[in-house]
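Each chain is listed here by its residues.
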Amino acid sequence: MRKRIICTECPLGCEVEVELTNGEVSNVIGNGCIRGKIYATNETLSPKRMVTTTMRTDNGVMVPVKTSIPVDKTLVFDVIKLINKSTVKLPIKIGQILIKDVIDGVDIISTACLE
């Protein structure tokens, strides 16, 4: 089985072809650098995404947040639902953990300061 992926690791945007044999990556073709090979392998076997969204504060203002690490792509909407159910109390500092271990050891972190 073959899968085509556009690599997003650098500005080149290489079109990478990944060959799968018995559910394992057997070959990667078309990557312009080692980062492309790693990206294509990970994207094929276990795609992950950073989640960036907003979270409600106790006065109704929204604060921008992100996950501390990339989340398995199948869990992105679960993480967003958990964030949407939560409210955080002001003041908030940039980099502050707003939800510890929201899912699978992933924290939700503020990306802005709010007083």
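For the structure, see preceding data.
In short, a report on the structure. Here the structure is a predicted model, which means the values were calculated and not measured. (Residues numbered from 1 in each chain as written. Predicted model: local features only at pLDDT ≥ 70, side-chain atom pairs only at ≥ 80, totals over all residues. Heavy atoms only, no water.)

1. Examining the sheet that holds strand E6 (residues 62-67)
- On the basis of which strands lie adjacent, the open sheet formed by five strands has the order E8-E5-E6-E10-E9 and mixed pairing. Only two strands of the sheet have a single neighbouring strand rather than two, namely strand E8 (87-88) and strand E9 (97-103).
- Strand direction decides the pairing type here: E9 and strand E10 (residues 106-110), joined by three bridges, are antiparallel. In the sheet register, Ile-103 faces E10, and the bridge partner there is Val-106. (Pairing = 2+ DSSP bridges. Helix = DSSP H or I, 4+ residues; strand = E, 2+ residues; numbered from the N terminus.)

2. Focus: the environment of Thr-21
- In this fold, Thr-21 is placed in strand E2 (residues 15-21).
- Take Thr-21: its relative accessible area is 42%, and that puts it in the partly exposed class.
- As for Thr-21 and Cys-7, which are separated by 14 residues in sequence, their C-alpha atoms are 21 Å apart.
- Of the polar contacts made by the side chain of Thr-21, one reaches the side chain of Ser-26; its length is 3.0 Å. (Buried < 20%, exposed > 50% of the residue type's maximum accessible area, 1.4 Å probe, protein only. Polar contact = N/O pair within 3.5 Å; in protein donor to acceptor, adjacent residues only side chain to side chain.)

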